[in-house]
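# Architecture at a glance
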Amino acid sequence: MINITEFKENLNLKEIPAELEKLIYFQNTISSFENYSQGFGILIDKKNGLKSWSTDENFLDKLFPFAQANGSGSFYAIWNDGTGKPLELMPVVVFGDEGGVHVVAENLLQLLHLLSYDTEISVDFDTAYFYKDDEDDESEDRMEYIKWLKETFHLNPIEEPDDLIKTAQEKYKAPFDQWIGQYITEY
């Protein structure tokens, strides 16, 4: 169970986006960690994952890690791109357990839409993508998630996740790579 107060404190925020609050409610009451989308779950990590990339306070202050992205250690974070937009409209990035950091969604709602594909994200140094084949099992609570996503945000399951990732990359890849290059030498 994710405690909303602890979740906010972990990110040093007074308020969190409604999308996250609703997803936490869904995970806490209707489903559970990793049961509605393969490898995904909201978590509290005190920025420990980020600190393995850089301990620079300017780096840590602009990123808000909020979820496990796959079962092997990748995680999602919201990137404050400095434009003054509300947190829910800021880009979402994935930090890969094998290396690589990539913008994957223009905002939280797009990430929630990507999760409806129900497969773990693959992250390597050059790219992040979703892949599944006909033999992949569906998450136990996927249909509950699909129903919740439709009722809450009027979104149907995504058929082509690569299109959303490509759009987010076109919009945010260059500024993100330039920004993160100040803290991580691979960029």
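Below you will find a few notes about this structure. Note that the coordinates shown come from a computational prediction; the quantities given were computed from them, not determined experimentally.

Helix and strand counts for the protein chain come out as seven helices and seven strands. Starting at the N terminus and walking to the C terminus, you meet the elements of the protein chain as α-α-β-α-α-β-β-β-β-α-β-β-α-α. A globule of 187 residues ought to have a C-alpha radius of gyration of about 16 Å, and the protein chain, at 15 Å, matches this closely. The principal-axis extents of the C-alpha atoms in the protein chain amount to approximately 40 × 35 × 30 Å. Out of the 187 residues in the protein chain, the part that is buried amounts to 52%. Here the analysis covers contacts within the protein chain between residues at least 6 apart in sequence; of these, 58% occur between residues at least 24 apart. When the accessible surface of the protein chain is totalled, it reaches about 9300 Å², and 45% of it is carbon and sulfur. Distance between charge centroids for the protein chain: 9 Å, based on 15 positive and 36 negative side chains.

Within the element layout of this structure, Asp 45 appears in the loop between β1 (41–42) and α3 (48–51). No salt bridge forms around the buried Asp 45; measuring N to O, its nearest opposite-charge neighbour Lys 47 is 8.2 Å away. Once residues lying within four places of it in the same chain are set aside, the contact partners of Asp 45 are Asn 10 and Pro 65.

This next bit is on the packing of helix α2 (residues 18–29) against helix α5 (residues 108–115). Running from N to C, α2 and α5 point in directions that differ by 35°, and their axes come no closer than 9 Å. Between α2 and α5 the crossing geometry is left-handed. Each of Glu 19, Leu 20 and Leu 23 in α2 lies in contact with α5, whose residues at this interface are Leu 108, Leu 109 and Leu 112. Class assignment for the residues of the contact of α2 with α5 results in five nonpolar, no polar and one charged.

Another aspect to go through is the pairing of strand β4 (residues 92–95). Side chains Val 92 and Val 94 of β4 all project onto a buried face; the interleaved residues Val 93 and Phe 95 project onto the opposite face, where all are buried too. One ladder, built from four bridges, connects β4 with strand β5 (residues 101–105); its direction is antiparallel. By the bridge assignment for β5, Phe 95 is matched with Val 101. Between β4 and β5, which pair antiparallel in sequence order, lie five residues; one of them, Gly 99, sits at a positive phi of approximately 110°.

Attention now moves to unusual backbone geometry. A positive phi angle, near 60°, is found at Asn 12, a position not held by glycine. With respect to the helices and strands, the residue Asn 12 is situated in the loop between α1 (4–11) and α2. Its identity as a non-glycine residue notwithstanding, Lys 47 has a phi of 65°, on the positive side. Within the secondary structure, Lys 47 sits in the loop between β1 and α3. Exposure remark for Lys 47: the relative accessible area of 12% places this residue in the buried category.

Next up on the list: the environment of Met 143. Turning to its location among the elements, Met 143 is positioned in helix α6 (residues 142–153). When the C-alpha positions of Met 143 and Ser 116 are compared, they lie 9.2 Å apart, and in sequence the two are 27 residues distant.

Definitions and cut-offs
Residues numbered from 1 in each chain as written. Predicted model: local features only at pLDDT ≥ 70, side-chain atom pairs only at ≥ 80, totals over all residues. Heavy atoms only, no water. Helix = DSSP H or I, 4+ residues; strand = E, 2+ residues; numbered from the N terminus. Rg over C-alpha atoms; globule rule 2.2 N^0.38 Å. Buried < 20%, exposed > 50% of the residue type's maximum accessible area, 1.4 Å probe, protein only. Contact = heavy atoms within 4.5 Å. Areas by Shrake-Rupley, 256 points an atom, 1.4 Å probe, with all protein chains shown as cover. Lys, Arg positive; Asp, Glu negative; His and termini not counted. Charge placed at Lys NZ, Arg CZ, Asp CG, Glu CD. Salt bridge = Lys/Arg side-chain N within 4 Å of Asp/Glu carboxyl O. Axes fitted to C-alpha atoms, helices over the stretch in contact; angles between N-to-C directions. Left-handed = near helix turned anticlockwise from the far one by under 90°. Nonpolar A, V, L, I, M, F, W, Y, C, P; charged D, E, K, R; others polar. Pairing = 2+ DSSP bridges.

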